[in-house]
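# Secondary and tertiary structure notes
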Amino acid sequence: MRTHEEQVTRAFEESRGDVHRYLVSLGVSPPQAQEVTQEAFLRLYVALERGEDVRNLRAWIFRVAHNHALDVRSKDRLRPIEPELEAMLRDEHVSVETELIEKEKMSHLGKAWSGLSPQQRQCLHLRAEGLLYREIAATMQISISSVREFLSRAVARLQKAVYE
Amino acid sequence: MNSTPHAGDEVLLRFIDDDLAPAEAWAVGTHLSSCDSCRSQLDDLNETLSEYQQFHETVLKTKLPPPPLPWKPLDFRAVHLRSARSNSPRLFASTARRASLSPWLAAAAALVAAYLGVNRLQHPPVVKAAELLNRAIRAEHAAPVRNRSIRIQTRRYHWDRPARLPAALPRTKAVNSQDVSGIRLLLESASYSLDDPLSAGAFSRWHDGLPEKQDQVAVLAAPGVPESYVIHTTTTASPISDASLTLRATDLHAVSCTLRFAAETVEMTEIADESPAPHSMPEQPLWPELAPAPSVSPVPVAGPRDELMVIAMLHRINADLGEPVAVRRSGPNVVVNVTGLDPRRQEEVKKALANVDAVRLVTNEEERDGTTGSQRRPPPQVDIANLLLAELQAAAADTSSTGEIGD
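What counts, and where the lines are drawn
Residues numbered from 1 in each chain as written. Chains lettered and ligands numbered in written order. Predicted model: local features only at pLDDT ≥ 70, side-chain atom pairs only at ≥ 80, totals over all residues. Heavy atoms only, no water. Helix = DSSP H or I, 4+ residues; strand = E, 2+ residues; numbered from the N terminus. Buried < 20%, exposed > 50% of the residue type's maximum accessible area, 1.4 Å probe, protein only. Contact = heavy atoms within 4.5 Å. Phe/Tyr/Trp six-rings, centres within 6.5 Å; stacked < 30°, edge-to-face > 60°. Expected span 1.5 Å × (residues − 1). Arc of directions from axis to C-beta. Polar contact = N/O pair within 3.5 Å; in protein donor to acceptor, adjacent residues only side chain to side chain. Pairing = 2+ DSSP bridges. Buried area = accessible area lost by both parts, 1.4 Å probe. Salt bridge = Lys/Arg side-chain N within 4 Å of Asp/Glu carboxyl O. Nonpolar A, V, L, I, M, F, W, Y, C, P; charged D, E, K, R; others polar. pLDDT = per-residue confidence, 0-100.

### What about the overall build of chain B?
- The helix and strand tally for chain B stands at 13 helices and 11 strands.
- Within chain B, the proportion of its 407 residues that are buried is 48%.
- For chain B, the share of sequence-separated contacts (at least 6 apart) that also reach a separation of at least 24 residues comes to 65%.

### Regarding the overall build of chain A
- Of the regular secondary structure elements, chain A holds eight helices and zero strands.
- The helix and strand sequence of chain A, counted from the amino end, reads α-α-α-α-α-α-α-α.
- Burial status across chain A gives 54% buried among its 164 residues.
- A fraction of 62% describes how many contacts in chain A between residues 6 or more apart in sequence connect residues 24 or more apart.

### Some points on the environment of B:Ala326
- Residue position: B:Ala326 is located in strand β8 (residues 326–330).
- Taking the C-alpha atoms as reference points, B:Ala326 and B:Val336, separated by 10 residues in sequence, lie 5.6 Å from one another.

### With respect to the packing of aromatic side chains
- On inspection of all chains with the given rule, the structure shows seven aromatic pairs over all chains.
- Pairing A:Tyr22 with A:Phe62 gives two aromatic rings, centres 5.6 Å apart and planes at 65°, and the pair type is edge-to-face. Taken as a pair, A:Tyr22 in helix α1 (residues 4–25) and A:Phe62 in helix α3 (residues 57–72) lie far apart in primary sequence, 40 residues in all.
- Residue classification places A:Tyr22 among the buried positions, given a relative accessible area of 0%.
- Relative accessible area serves as the criterion here: at 0%, A:Phe62 is assigned to the buried category.
- An angle of 45° between the planes, with centres 5.8 Å apart, marks the rings of B:Tyr52 and B:Phe55 as tilted. Separated by three residues within a single helix, B:Tyr52 and B:Phe55 lie in helix α3 (residues 36–63), roughly one turn from each other. Taken as a pair, B:Tyr52 and B:Phe55 share a single burial class, namely buried.

### Regarding helix α7 (residues 129–142) of chain B
Residue and element names in this part refer to chain B.
- Helix length check: α7, at 14 residues, gives a terminal C-alpha distance of 20 Å against a target of 20 Å (1.5 Å per residue), a fit within 8%.
- Within α7 the residues assigned to the buried category are Ala129, Leu132, Leu133, Ala136 and Ile137. For α7, the angular spread of buried residues about the axis comes to 140°, placing them on one side. Residues of α7 that are exposed and angled more than 90 degrees away from the buried face: Arg138, His141 and Ala142.

### Focus on unusual backbone geometry
Residues and elements named next belong to chain B.
- A positive phi is found at Ser191, a non-glycine position, where the angle reads about 55°.
- Checked against the element boundaries, Ser191 lands in the loop between α8 (181–189) and α9 (200–208).
- Within the chain, Leu252 stands out as a residue other than glycine whose phi angle is a positive 55°.
- Along the chain, Leu252 falls in the loop between β5 (242–248) and β6 (254–260).
- By relative accessible area, Leu252 is classed as buried at 7%.

### As for the side chain of B:His232
Residues and elements named next belong to chain B.
- Along the chain, His232 turns up in strand β4 (residues 225–234).
- Judged by its relative accessible area of 6%, His232 falls in the buried class.
- A polar atom in the side chain of His232 sits 2.9 Å from the side chain of Asp242.

### Comments concerning the pairing of strand β7 (residues 265–270) of chain B
Residue and element names in this part refer to chain B.
- Where strand β1 (residues 149–153) and β7 come together, four bridges link them in antiparallel fashion. When the bridges of β7 are listed, Ile152 appears paired with Met268.
- Pairing geometry for β6 and β7, over five bridges, is antiparallel. Considered in β7, the bridge of Cys257 is made with Met268.

### Brief notes about the interface of chain B and chain A
- Taken together, the contact pairs 43 residues of chain B with 50 residues of chain A.
- Here chain B meets chain A over a buried area of about 4300 Å², counting both sides, of which 65% is carbon and sulfur.
- Summed over the shared surface of chain B and chain A, the result is six salt bridges.
- The interface formed by chain B and chain A contains 11 residue pairs in polar contact (both at pLDDT 80 or more).
- At the level of elements, α1 (9–16), α3 and α4 (76–86) of chain B are the ones that each hand at least two residues to the side of chain B that touches chain A.
- By residue class, the composition of the side of chain B that touches chain A is 20 nonpolar, nine polar and 14 charged.

### What about the pattern of salt bridges?
- Across all of its chains, the model carries 22 salt bridges over all chains by this definition.
- Taking the shortest distance from any N to any O, the salt bridge between A:Arg58 and A:Glu129 comes out at 2.4 Å. Remark: A:Glu129 occurs in the loop between α6 (118–128) and α7 (133–140) and A:Arg58 occurs in helix α3; sequence separation between them is 71 residues.
- Residue A:Glu129 is classed as buried on the basis of its relative accessible area of 6%.
- Salt-bridge contacts for B:Arg39 lead to B:Asp36; the nearest nitrogen and oxygen are separated by 2.3 Å. One end of the pair is B:Arg39 and the other is B:Asp36, both in helix α3 and three residues apart, which spans about a single turn.
- Overall, the relative accessible area of 35% leaves B:Arg39 in the partly exposed class.
- The exposure class of B:Asp36 is exposed, given its relative accessible area of 54%.
- Overlapping salt bridges bring together A:Asp18, A:Arg21, A:Arg58, A:Glu129, B:Glu57 and B:Lys61 as one network.

### Notes on the confidence of the model for chain B
Residue and element names in this part refer to chain B.
- Of the residues in chain B, 57% reach a pLDDT of 70 or more, and the chain-wide mean stands at 67.
- Here helix α5 (residues 90–97) stands out as the element of chain B with the lowest mean pLDDT, 29, in contrast to α1, whose mean of 92 is the highest.
- With pLDDT under 50 throughout, residues 87–126 is counted as low confidence; its partners more than four residues away or in other chains account for 96 contacts.
- Long-range and interchain partners of residues 273–299, a stretch whose pLDDT sits below 50, account for 47 contacts in this model, where long-range means more than four residues apart.
- Confidence metrics for the complex model read pTM 0.44 and ipTM 0.86.

### Brief notes about α6(A)
- Counted residue by residue, α6(A) has nine buried out of 11 residues, so it is predominantly covered.
- After α6(A) finishes, the residue A:Gly130 shows a positive phi value of roughly 95°.

In structure tokens, the structure reads:
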């Protein structure tokens, strides 16, 4: 049986990069995102030490990091994402180490992605990170039906980009 | 023939993501088994999701900026320290709720708490003073060199000087006991470094040289006061019987230090305005002996610490609550007005305060004689002090909920 320190250290090593990237995608600066990530894992440790029932460590971390990021920077000041990144993803010459056809698909997806709303992007991001709908809802503090709607519309736009 | 309705994209997505109730999922599965159109739609959806996953991993995640610094290992010890505070914020939270309490009083509450023995802990110690000092020293070494100034103050004098003194300066100049260089002698008598006295390094060197000592670490947290840790050391093996070092929690920077000698107390604080680099202002004296007269202030003023010490001593004999004892600062003294106490109790108060140098006791007779002048009106600080002590008493009664960490 692993101690909480070992458990959290392992989760930290496995997921810190993903959590950091998610926070940066929310518009948090990389240094701030790093601090928030570190803090979220320490909070996880405290929660485990207090005997809280944490079923999915990864989902718990995303939720706490998301909320802490909003605490650190007020919602109003959160930028959706770095404008350069958005422009880069819109750029059809985006460099991806894949075959030409794949490259083209990625470019189309990049364009479609940059046209999505921040909430749609967040839902997609968290889904791609393996969170369930209820976990995404808890992270973003929205209802599950909103998550379904955001995802459904986002996927429809992506599908259009892939097949057209 | 398939009689069930076609599944829309949202339902198919939920089917893929296992978000449907079992009955719904069963119905969709049944429909899919017999509907080519929906199966094709499901395949397209799966492919789109798979393409997006690839985009997420190979494009989006690689384009998001990485962390600026290498990841540090998680500092679980810091969590213990913070959780010790957050589990037990009652003392500071409740004092802070009182708008009438000034920030210094809330901050100094930890010191008083230490004197009152609030820190009789049931929990095992989780933070050792030595470890905290070591971390603070490492932080000092890592921090950029700053030209900061400090004030070293006794009851009668204060000495403003650069925090660090160049090694080439004289150390053994003859001194006059009335001169602030008495401070120097005082510190040297206790082998307390003068080079950079307001630092974790200086405190640690003194601390580590003690053959016998007791340490306590307290966490200060109150609105308006930067969160900080106070290392409180008592010893019988040094002329300094009692020393407290306050470290700012954010960077473990030493912000104040109090050294209590038998007949004197030396307080060191950082002066908020940083002085320019020494080479840019050669006129600023580095040693008090060489200083023009204004660098020595002969104005003696009782400080909050004196007042808190008095309150702590009164608490020891339970003279702080329910008895007509008034405490206030007035010039060089902390005036304790015991008007209304019977002579025997007055004597007890006098005895309890015998070791506090700055105290001036005012009795009934003096009041009638008019010798106390403006001390007739009960000072406003009395209520504040008593409120504070009520909190401290409550905290003492519940030792498991104090913000103190023993060592």
